[in-house]
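Breakdown of the fold
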Amino acid sequence: MDATRTIVETVGKLRQRRTAPLVLELDLTEGLSEGPPADPVSALLSMRKTRLAEVLSGLRRARKDPRVTALIVRIGGNPLGLGTVQELRTAVVKLRAAGKRTVAFAETFGEFGAGTVPYYLASAFERVYLQPSGDVGLTGVALEQRFLRDALAKAGVEYQIGQRHEYKTAANTFTQNHMTDAHRESAGRIAESVTEQIVAGVAEGRGLDPERVRELIDQGPFIGSEAVEAGLVDELKYRDEVYAETVDDGAHLLYVSRYAKSALSGRLPHPGAATVALVHGSGMIRLGRSGRSPLGGGGAMGSDTICAALRSARRDEKVKAIVFRVDSPGGSYVASDAIWREVVLARRAGKPVIVSMGDVAASGGYFVSMAADVIVAQPGTLTGSIGVFGGKPVVGELLGKLGVVTESVAEGANAGMFSPSTAFSDDQWDRVNAWLDRIYDDFVGKVAQGRDLTKERAHELARGRVWTGADARAAGLADELGGLEDALSLARRRAGLPDDTPVRTYPRMHPLERLRPPESSEDKSAALARVRLEAWGPLARMAGQLGLPAYGPLVLPGHWTIR
């Protein structure tokens, strides 16, 4: 009888939970994951991170779900990119418009530090709460870069780097001791554009005049009571007080990601139903598989993985459109070109390809995007950087100071060309510049082809310059401003599909397939996750950061982080 009673009580609680009001939660203190993990190491490292796509899907569903009464988001110090923040802000604004309560809570928006972007996210919510001991670090936007040329010269290191063209400034860290005019112009416009976006968003969210927001930015940071007085925060409360005020008796708390997954588990698409393919490409672009070295470092977008995913989606008759989500600062020119080719082939097959840009889609990240039917970017996305640089450090003097003697035996006039022990000869510099010219011409030519521009106009927009998404759209390098959900909706419309057409992430593969060796290159699945102990991984990354070797359209400076 006791067992029967327990079962009955459990069933009753489950039924009550299904009908009880829902308050959704989202904890951003661990950050967000852009896409599915590409390998076991990435899966382990992202276990505590919620996926952005799940959050957007859950909030979209919540708008029409009468059970959902409110959303509580805890905003922490783990930085989110500006593009991601704008994706979340849009989703929150739409949830507010649907009549749901939206509450942002933070222990602090920058504890004795910058908190402009976290606060910008919070300003989209109906209510903003701050822990009484917290602060609001609304201080504006700063882009800072350090120059190492003189310090390296003291150590006996000289960098020989060529670049195309004046705005391709990533290598300036090593070749200059100050900002060039082009560098300062580009960085200044990025800061200006981002500030315009943040001011407009905070003004609209908090019901303030834009000029007043600019005044507040100049007055920041604020202690809690000052933030309340300025209208930036509604009340100072601890977490328990916020939840007591927001969560009604009988309401059930549920994480947004769990809510999104529960919706999907109840309505799996029919095996033969039409779908939209979603291909995620995140991180530095390289030849080979996506993933990361288990010895450290960030993720990478592997050309083998992404090309196979695009091929699989192109050949799948059920896939009627493709959304390619790109979040990358660039990388290998050859790998970028291979991915670009698969985008072209997908379009030739009659399948609309929509690119959704994340926080960054610059250099190689723009290269893989430019052939799409439509490019959708957030206003704060950093994109463009259409250019190339390459060269090497010369460390012979440093080695001499350290007592290191280098001797070599070579056959071929240029066999030691890429050795860091000696400088390029004049003839070798000619080869380097010919290589840079070829890559730049190819890049600009494909921009002109993909964006329907003259080559002269494409060159004007290129020259290595980085643009915000808002400026890129005005210049014709992007088509629409929006996020992933906008790109998916656009893909459905382009393919003539209903609004509720399901989305499949590619490549798809059953876990047991990992145990079966491929029969051919066509059978080789890009989803095969393999941990490789790449002992050279950290050294390769260090070499890339130092500019050696520089394979193709490369890097937006990593220290350009907007906080």
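Below is a short write-up of the structure. Computed from a predicted structure; not experimentally measured.

Here the focus is the pairing of strand E1 (residues 22–27). Among the six residues in E1, five count as buried, and that is most of the element. As paired elements, E1 and strand E11 (residues 252–255) share four bridges and run parallel to each other. Bridge pairing in E11 links Leu-22 to His-252.

With that settled, consider the nonpolar core. Counting residues in hydrophobic clusters, the biggest one holds 72 residues, and the most contacted among them are Leu-28, Leu-71, Ile-75, Phe-109, Val-136, Leu-232 and Val-323. The element contributing the most residues to this core is helix H8 (residues 181–206), with eight residues. Other than its neighbours up to four places away in sequence, Val-323 contacts Val-276, Ala-277, Leu-278, Val-279, Ile-354, Ser-356, Leu-484, Ala-487, Leu-488 and Ala-491. Formed by 53 residues, the second largest nonpolar core is a distinct cluster that contains Val-388, Ile-439, Ala-462 and Ala-475.

Further remarks concern the packing of helix H3 (residues 52–62) against helix H20 (residues 484–494). The contact between H3 and H20 brings their axes to 10 Å, and the two run at 70 degrees. Comparing their axes, H20 and H3 come out roughly perpendicular. Of the residues in H20, those touching H3 at Ala-53, Leu-56, Ser-57 and Arg-60 are Leu-484, Glu-485 and Arg-492. Its residues placed into classes, the contact of H3 with H20 shows three nonpolar, one polar and three charged.

Within the secondary structure, Glu-485 sits in helix H20. The exposure class assigned to Glu-485 is buried, which follows from its relative accessible area of 18%. Aside from chain neighbours lying at most four places away, what touches Glu-485 is Leu-56, Ser-57 and Arg-60.

Right, let's talk about the sheet that holds strand E4 (residues 68–74) for a bit. Ordered in space as E10-E6-E5-E4-E1-E11, the six strands form an open sheet in which the pairing is parallel. This sheet does not close on itself; its edge strands, each paired only once, are strand E10 (235–236) and E11. Where strand E5 (residues 101–106) lies against strand E6 (residues 127–130), four bridges are found, and the strand directions are parallel. Within the sheet, the bridge partner assigned to Val-103 lies in E6 and is Arg-127.

Turning our attention to the pattern of salt bridges. Applying the stated criterion to the full structure yields 32 salt bridges. Arg-325 is the salt-bridge partner of Glu-34, the closest N and O atoms lying 2.4 Å from each other. With Glu-34 in the loop between strand E2 (32–33) and helix H2 (40–45) and Arg-325 in strand E15 (residues 319–328), the pair connects residues that are 291 residues apart, well separated along the chain. Residues joined in a network through salt bridges with shared partners are Arg-127, Arg-206, Asp-234, Glu-235, Lys-237 and Glu-245.

Where helix H13 (residues 303–315) meets helix H14 (residues 333–348), the closest approach of the two axes is 9 Å, and the angle between their N-to-C directions is 5 degrees. In terms of axis orientation, H13 runs roughly parallel to H14. In this structure, H13 contributes Ser-303, Ile-306, Cys-307, Leu-310, Arg-311 and Arg-314 to the contact, and H14 contributes Ala-335, Ala-338, Ile-339, Glu-342, Val-343, Leu-345 and Ala-346. Its residues placed into classes, the contact of H13 with H14 shows nine nonpolar, one polar and three charged.

Time to look at the environment of Gln-163. Within the element layout of this structure, Gln-163 appears in strand E8 (residues 158–164). Overall, the relative accessible area of 22% leaves Gln-163 in the partly exposed class. In the structure, Gln-163 is positioned 270 residues away from Asn-433 in sequence and 8.6 Å away in space, judged by C-alpha atoms. With residues up to four places along the chain from it excluded, the contact list for Gln-163 reads Lys-168, Ala-171, Asn-172, Val-388, Phe-389 and Leu-436. From its side chain, Gln-163 meets the backbone oxygen of Lys-168 in a polar contact 3.3 Å long.

Conventions used here
- Residues numbered from 1 in each chain as written.
- Predicted model: local features only at pLDDT ≥ 70, side-chain atom pairs only at ≥ 80, totals over all residues.
- Heavy atoms only, no water.
- Buried < 20%, exposed > 50% of the residue type's maximum accessible area, 1.4 Å probe, protein only.
- Helix = DSSP H or I, 4+ residues; strand = E, 2+ residues; numbered from the N terminus.
- Pairing = 2+ DSSP bridges.
- Core = buried A, V, L, I, M, F, W, Y, C linked by side-chain atoms within 4.5 Å.
- Contact = heavy atoms within 4.5 Å.
- Axes fitted to C-alpha atoms, helices over the stretch in contact; angles between N-to-C directions.
- Parallel < 35°, antiparallel > 145°, perpendicular 65-115°, else oblique.
- Nonpolar A, V, L, I, M, F, W, Y, C, P; charged D, E, K, R; others polar.
- Salt bridge = Lys/Arg side-chain N within 4 Å of Asp/Glu carboxyl O.
- Polar contact = N/O pair within 3.5 Å; in protein donor to acceptor, adjacent residues only side chain to side chain.

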